[in-house]
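The lines below spell out each chain.
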Amino acid sequence: MLKDITLGQFFPGNSIIHKMDPRLKLVITVLYITALFMCHGPVPYIILGGILILAVALSKVGFRQVTRGLKPILILLVITTLFNVFYTNGGQVIFSWKFITITDYGVYNAFYMVLRIALLIIATFTLLTYTTSPIMLTDALESVLSPLKKIKVPVHELAMMMTIALRFIPTLLEETDKIMSAQKSRGADFESGGLIRRAKALIPILIPLFISAFRRAEELATAMECRCYNGGEGRTKLRVMKFAMRDYVILFVSLAVLALAIYSDYTCTFGVILP
Amino acid sequence: MDNIIEVLNLTHTYGADTPFEHTAIEDMSFEIKQGEILGLIGHTGSGKSTLIQHLNGLLKPDSGMVKFCGRDIWDDKQFTREVRFSVGLVFQYPEYQLFEETVERDIAFGPTNMKLSEDEIRERVLYAARSVGLDDSILLKSPFELSGGQKRRVALAGVIAMKPKVLILDEPTAGLDPEGREEILNYIKNYNKETGATIVFVTHSMEDIARVVDRIVVLEKSKILMTGTPKEVFSRTEDLIRAGLTIPVAAEIAGKLAKKGIPVSPAIYTIEQLADAISTLYAGGGKNA
């Protein structure tokens with residue numbers, strides 16, 4: 001049952017999106033999200049949606065996987081819709097009953113907010129987690145944030161912590177599975193009883209799990225020290241990230257598209273102007 | 001002897017219909033006899049661990065059947081739960097599954113889940129602890145302050161306390177020193193003798209298994225490669241090596257001597273048998289010269 005969790009799942013592949021420099025993916029994702037929140041009208045969203053569909057197609061991950069990624073945030077989308085529909089003031093009232101009033105502003109706001117969140121999630125999935133291995137991702141993060149070292153932010157250490165955390169997610173899931181099987185063999189029952197009984201039934205899993213996590217952490221720390229690990233200073237990398245010609249092309253194309261989207265947002269007159 | 005467990009055409013596939021699909025067990029059939037010590041040997045990834053999790057109903061077969069005392073263990077929910085208690089499974093490195101504040105309470109976890117009376121639980125805890133050579137004084141200690149070997153025995157006692165009719169042990173001697181291995185093997189043998197319980201001993205180490213078991217099932221790549229007594233199995237040295245298994249040193253030496261034309265039986269698999277065979281040879285040779 002725990003094997004079904006697809007936290008930050010990575011689909012190995014050989015597409016152009018997979019081959020992009022991870023730093024570029026990171027930067028473009030941030031720019032894309034910024035553009036999403038700067039735009040309002042339909043035209044910029046057609047442009048932004050269009051380029052994302054192109055990216056998904058190029059990544060060859062498959063649209064099914066991408067929509068599957070939206071499932072966990074369905075509740076968030078529903079709540080966003082409700083809040084925006086009921087709590088936006090101004091505009092024309094299109095429905096009114098007792099204390100509930102729905103305005104056209106509210107409906108527009110709700111629609112665009114949901115669209116924004118959906119596009120944001122799809123963009124981060126296709127560009128980042130689905131097509132970039134966790135190690136590449138943290139490497140990229142470290143590289144992009146490295147200017148912060150000047151103001152004494154421990155960028156390398158933070159990236160290393162992230163790498164280790166990501167690396168141990170599958171290990172700990174496997175361990176949990178094993179401990180659950182072992183306790184089930186001794187007659188532990190996780191599936192029946194009320195809330196309190198079920199919570200109590202978790203103790204035989206959580207305690208061994210914590211103990212083994214601490215043990216692993218200690219072993220890993222020792223192993224790293226034995227190999228003279230001492231942080232970022234003067235450390236070279238196995239995989240050196242390099243901007244290829246392809247990456248420059250992608251960078252300019254995406255900058256152009258994003259600029260076009262934002263520009264169309266300011267000039268477009270048939271779009272609905274919202275606050 | 002009656003069959004206590006029967007495995008019929010068992011197949012299990014992990015991650016069906018995904019790119020990670022992997023068949024761990026394929027059309028496997030064999031039986032475990034009441035009261036025997038059965039060795040289950042196979043190279044890493046041969047399907048051992050998946051197989052034993054079917055024997056007490058932790059995993060459900062994709063196809064095929066596991067029968068306990070002649071009845072399909074997935075017949076009804078209540079029976080599956082009963083089988084969990086009747087077929088005790090000790091996982092690899094069981095000491096990592098200890099969680100209670102005291103050794104006594106940890107051993108009592110299984111019997112408590114069986115909803116036995118206080119007195120019965122107390123009696124079983126003492127019995128289980130003694131049967132793996134744990135001193136009564138250890139019972140009130142925290143399991144986390146014990147040595148590795150002691151922790152392993154506490155975990156073993158935790159399963160024995162359920163008094164299972166079949167005790168399955170996955171690599172019970174892994175990571176122990178020779179003395180610890182010897183002790184564990186002896187406790188297992190004694191448990192079998194005292195209670196008449198059936199033991200399934202899972203390992204990839206021939207050395208351990210050779211002296212303890214009555215019968216061996218060898219797995220290779222999710223299938224059964226051969227079944228037989230240690231004598232029968234260890235005389236097929238070449239097949240075993242091809243399956244990626246090491247054979248007992250004694251069997252290896254016997255095999256090499258036989259190849260050189262020295263009349264040593266290829267069915268030898270313990271150091272004692274080898275020593276006997278060689279000394280008889282020497283005694284005989286002395287007379288002839």
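### Points about unusual backbone geometry
Residues and elements named next belong to chain B.
Next up, step 1: Backbone geometry at Asp-27 places phi at a positive 45 degrees, although glycine is not the residue there.
Next up, step 2: Mapped onto the elements, Asp-27 comes out in strand β2 (residues 22-33).
Next up, step 3: Backbone geometry places Glu-171, a non-glycine residue, at a positive phi of 45 degrees.
Next up, step 4: Mapped onto the elements of the fold, Glu-171 is located in the loop between β7 (166-170) and α6 (178-195).
Next up, step 5: Taking relative accessible area as the criterion, Glu-171 reaches 5% and is therefore assigned buried.

### Structural notes on the layout of surface pockets
Residues and elements named next belong to chain A.
Next up, step 1: Taken as a whole, the second largest pocket holds about 660 Å³ of empty space.
Next up, step 2: Lining of the second largest pocket is provided by 21 residues; of these, Met-160, Thr-163, Met-224, Tyr-229 and Arg-235 occupy positions nearest its centre.
Next up, step 3: Elements that contribute at least two residues to the lining of the second largest pocket include exactly α7 (134-145), α8 (155-185) and α10 (203-226).
Next up, step 4: With seven residues, α8 is the single largest residue contributor to the lining of the second largest pocket.
Next up, step 5: When its residues are assigned to classes, the lining of the second largest pocket shows 10 nonpolar, four polar and seven charged.

### Things to note about the confidence of the model for chain B
Residue and element names in this part refer to chain B.
Next up, step 1: With 97% of its residues at a pLDDT of 70 or more, chain B has an overall mean of 88.
Next up, step 2: Summarising per-element confidence for chain B, the mean pLDDT is lowest in helix α11 (residues 271-288) (77) and highest in β7 (94).
Next up, step 3: Among the scores for the predicted complex, ipTM is 0.85 and pTM is 0.75.

### Brief notes about the sheet that holds strand β1 (residues 3-14) of chain B
Next up, step 1: Across the sheet, which stays open at both edges, the four strands sit in the order β2-β1-β4-β5 (chain B) with antiparallel pairing between neighbours. Of all the strands in the sheet, the pair left with one neighbour each is β2 and β5 (71-72) of chain B.

What counts and what doesn't
- Residues numbered from 1 in each chain as written.
- Chains lettered and ligands numbered in written order.
- Predicted model: local features only at pLDDT ≥ 70, side-chain atom pairs only at ≥ 80, totals over all residues.
- Heavy atoms only, no water.
- Helix = DSSP H or I, 4+ residues; strand = E, 2+ residues; numbered from the N terminus.
- Buried < 20%, exposed > 50% of the residue type's maximum accessible area, 1.4 Å probe, protein only.
- 1 Å grid on protein atoms, 1.4 Å probe; cavity = no way out; pocket = protein on both sides within 12 Å on 5 of 7 lines; lining within 4 Å.
- Points joined across faces, edges and corners; volume = space filled by probe spheres on them.
- Nonpolar A, V, L, I, M, F, W, Y, C, P; charged D, E, K, R; others polar.
- pLDDT = per-residue confidence, 0-100.
- Pairing = 2+ DSSP bridges.

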